[in-house]
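Listed here are the chains, written in short residue letters.
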Amino acid sequence: MENQCTVQVKLELGHRAQLRKKVTTEGFTHDWMVFVRGPEMGDIQHFVDKVVFRLHESFPKPKRVCKDPPYKVEESGYAGFLMPIEVYFKNKEEPKKVCFNYDLFLNLEGNPPVNHLRCEKLTFNNPTHEFRRKLLRAGGEWRRREGGL
């Protein structure tokens, strides 16, 4: 049986939100920023092609595409919402992307600002040599598995 390998990489999804000192004319009460990055500010651009943030439909141009780091969106709003985030890989074979549903919640008045972080571990089984190299350059952990189908 041939040797097989897996490569694991970590992503951090997070957001910051704080109450505005003054409500905007649109009624926005909070400023917020949502992001995708590597742990310890790792360089995920080696294997990430782009990140698509799908904001609530009430935002102008709710599909926000970041092709280069920092992968983030900054906005103002008045309510939290579930935000689909799609991370596209620099991979010629499957998987080409992963999707996360991210809860962009806001702090209530009188509470401290939000500083939320969510860690995700991605495991790629038998990636191509080229994609494996990209994952490892971004800090991925390589594991060899003996046997297997």
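Residues numbered from 1 in each chain as written. Predicted model: local features only at pLDDT ≥ 70, side-chain atom pairs only at ≥ 80, totals over all residues. Heavy atoms only, no water.

### Overview of the pattern of salt bridges
Within this structure, the stated rule accounts for nine salt bridges. Glu-75 is paired through a salt bridge with Arg-64; the nearest N and O atoms lie 2.8 Å apart. Here the residue Glu-75 occupies a position in strand S5 (residues 71-77), and Arg-64 occupies one in strand S4 (residues 63-66), the gap between them amounting to eleven residues. The class for Arg-64 is buried, based on a relative accessible area of 18%. Of the charged contacts in the structure, one is a salt bridge between Glu-130 and Lys-134, with a shortest N-O distance of 3.4 Å. You can see Glu-130 and its partner Lys-134 sitting in helix H1 (residues 129-137), four residues apart, about one turn around the helix. Its relative accessible area of 34% is what places Glu-130 among the partly exposed residues. Each member of the salt-bridge network shares a partner with another, and the members are Lys-92, Glu-130 and Lys-134. (Salt bridge = Lys/Arg side-chain N within 4 Å of Asp/Glu carboxyl O. Helix = DSSP H or I, 4+ residues; strand = E, 2+ residues; numbered from the N terminus. Buried < 20%, exposed > 50% of the residue type's maximum accessible area, 1.4 Å probe, protein only.)

### Things to note about the sheet that holds strand S3 (residues 48-54)
Read from one edge of the open sheet, four strands run S4-S3-S6-S7, paired in antiparallel fashion. Lying at the two open borders of the sheet, with one neighbouring strand each, are S4 and strand S7 (97-104). Shown here is a sheet whose adjacent strand axes are inclined to one another by a mean of 20°, direction ignored. For S3 and S4, the ladder comprises four bridges, and the chain directions are antiparallel. Along S4, the bridge assignment pairs Phe-53 with Arg-64. (Pairing = 2+ DSSP bridges. Axes fitted to C-alpha atoms, helices over the stretch in contact; angles between N-to-C directions.)

### Some words on the packing of aromatic side chains
Between two aromatic rings, the relevant description is the distance of the centres plus the angle of the planes. Enumeration over the complete set of coordinates arrives at eight aromatic pairs. Ring plane angle 20° and centroid distance 6.1 Å describe the contact between Phe-28 and Tyr-78, whose orientation is recorded as stacked. Residue Phe-28 is found in the loop between strand S1 (4-19) and strand S2 (30-37), and its partner Tyr-78 is found in the loop between S5 and strand S6 (81-89); the two are separated by 50 residues along the sequence. Residue classification places Tyr-78 among the exposed positions, given a relative accessible area of 54%. Ring plane angle 45° and centroid distance 5.8 Å describe the contact between Phe-59 and Phe-81, whose orientation is recorded as tilted. Of this pair, Phe-59 sits in the loop between S3 and S4 while Phe-81 sits in strand S6, and the two are 22 residues apart along the sequence. For the pair shown, Phe-59 and Phe-81 are each scored as buried. One aromatic cluster is present, built from ring pairs that chain together Phe-47, Phe-89, Phe-124 and Phe-131. Positioned over the ring face of Tyr-88 is Lys-50, at 4.7 Å from the centre of the ring. (Phe/Tyr/Trp six-rings, centres within 6.5 Å; stacked < 30°, edge-to-face > 60°. Lys NZ or Arg CZ within 6 Å of the ring centre and 35° of its normal.)

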